[in-house]
Every structure is written in C-alpha cells, then in structure tokens.
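For reference, the chains in residue letters:
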Amino acid sequence: MESFEASRTRRQELIELLAQREASFDELRRDLGVSVRLLEDDLRHVDRSLHRGERRLAVTPPRCEGCGFAFNRRHPKRFHTPGRCPRCRSERVLAARLRVTPRR
C-alpha cells in the first residue's frame, strides 16, 4: 500500500498564513494566486468556520487616508479594499488588515 500525505486545502493554507502574520487582501491574493471572487468566498467561509472554534478572523477595516472614514467590515461583507471613500471621494484608501487570532 502506498503512503501519501494529504495536502492542505487552500482555506487551510489561508488560515495558517493569517495565523502566522497579518496581511491585506491584495497580499493574500498574490501569495495564494487566486481571483478576487475566490478569495472573498474563502475568507467568508474561514470567518464562519473560525466563529465556532477557539480562534477568530480579526479584521481591521479599510480607512480613508484623506478624511479618516472607517469602512464597516460587516456591511457589505467584503474584505477587499473599496475603490474610493464615500465621504470625500478620495481614492487613497488604506487596505483592510486580516489576521487569525485566539478568541478572548
């Protein structure tokens, strides 16, 4: 019988990567080589999966450099950086930062 090691899924890799370091949506896309839609789906799934356990997905929401407006992480439930600020219309928006942390 042949022995083989089961490979990790993309979502498991994502959880492991975010447990090791904080990253932005675009950094994760580059590291994993996936599309925006696929990464959004994976992050929503990871968020739901971790919600039941001892860890959680911590998200520092995107923020406008111009006026300081902080985007709400939960509505709409998107993880990628918006194109512009709804308040001042500036396109200088700092990306959300994501990390897997222990539940407090």
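A brief look at the structure comes next. Quick caveat, the model's predicted, so the values are computed rather than measured.

**Observations regarding the sheet that holds strand 5 (residues 97-102)**
Next up, step 1: Ordered by their spatial adjacency, three strands build an open sheet running 1-5-2, and the pairing between neighbours is antiparallel. Each of the sheet's edge strands pairs with one partner strand only, and the pair in question is strand 1 (23-24) and strand 2 (55-60).
Next up, step 2: One ladder, built from two bridges, connects strand 1 with strand 5; its direction is antiparallel. Note on strand 5: the bridge partner recorded for alanine 23 is leucine 98.
Next up, step 3: Contacts between helix 1 (residues 10-20) and the sheet are confined to strand 1, strand 2 and strand 5, with strand 5 contributing the most and set at about 85 degrees to the helix.

**Some details on the packing of aromatic side chains**
Next up, step 1: Applying the stated criterion to the full structure yields one aromatic pair.
Next up, step 2: Both rings, one in phenylalanine 69 and one in phenylalanine 71, keep their centres 5.0 Å apart while their planes meet at 85 degrees; by these two values the pair is edge-to-face.
Next up, step 3: Accessibility expressed as a relative area gives 22% for phenylalanine 69, which makes it partly exposed.
Next up, step 4: A residue is classified by how much of its surface remains accessible, and phenylalanine 71, at 13% relative accessible area, is buried.

**Description of the pairing of strand 5**
Consecutive side chains along a regular strand alternate between the two faces of the sheet.
Next up, step 1: One ladder, built from six bridges, connects strand 2 with strand 5; its direction is antiparallel. Paired with leucine 57 across the strands is valine 100, a residue of strand 5.

**Thoughts on the pattern of salt bridges**
Next up, step 1: The final tally for this structure, using the stated rule, is ten salt bridges.
Next up, step 2: Where glutamate 22 meets arginine 97, a salt bridge forms, and the shortest distance between an N and an O atom there is 3.4 Å. Here arginine 97 lies in strand 5 and glutamate 22 lies in the loop between helix 1 and strand 1, a separation of 75 residues in the sequence.
Next up, step 3: Given a relative accessible area of 36%, glutamate 22 falls into the partly exposed group.

**So, unusual backbone geometry**
Next up, step 1: Backbone geometry places arginine 89, a non-glycine residue, at a positive phi of 70 degrees.
Next up, step 2: Mapped onto the elements, arginine 89 comes out in the loop between strand 3 (63-64) and strand 4 (93-94).

**Section: the packing of helix 2 (residues 25-32) against helix 3 (residues 36-51)**
Next up, step 1: Two elements in contact, helix 2 and helix 3, have axes separated by 10 Å at closest approach and are oriented at 105 degrees. Put simply, helix 2 runs roughly perpendicular to helix 3. Seen from helix 2, the contacting residues are Phe25, Leu28, Arg29 and Leu32; seen from helix 3, they are Val36, Leu39, Glu40 and Leu43.
Next up, step 2: Partitioning the contact of helix 2 with helix 3 into residue classes produces six nonpolar, no polar and two charged.

About the criteria used
- Residues numbered from 1 in each chain as written.
- Predicted model: local features only at pLDDT ≥ 70, side-chain atom pairs only at ≥ 80, totals over all residues.
- Heavy atoms only, no water.
- Pairing = 2+ DSSP bridges.
- Helix = DSSP H or I, 4+ residues; strand = E, 2+ residues; numbered from the N terminus.
- Contact = heavy atoms within 4.5 Å.
- Axes fitted to C-alpha atoms, helices over the stretch in contact; angles between N-to-C directions.
- Phe/Tyr/Trp six-rings, centres within 6.5 Å; stacked < 30°, edge-to-face > 60°.
- Buried < 20%, exposed > 50% of the residue type's maximum accessible area, 1.4 Å probe, protein only.
- Salt bridge = Lys/Arg side-chain N within 4 Å of Asp/Glu carboxyl O.
- Parallel < 35°, antiparallel > 145°, perpendicular 65-115°, else oblique.
- Nonpolar A, V, L, I, M, F, W, Y, C, P; charged D, E, K, R; others polar.

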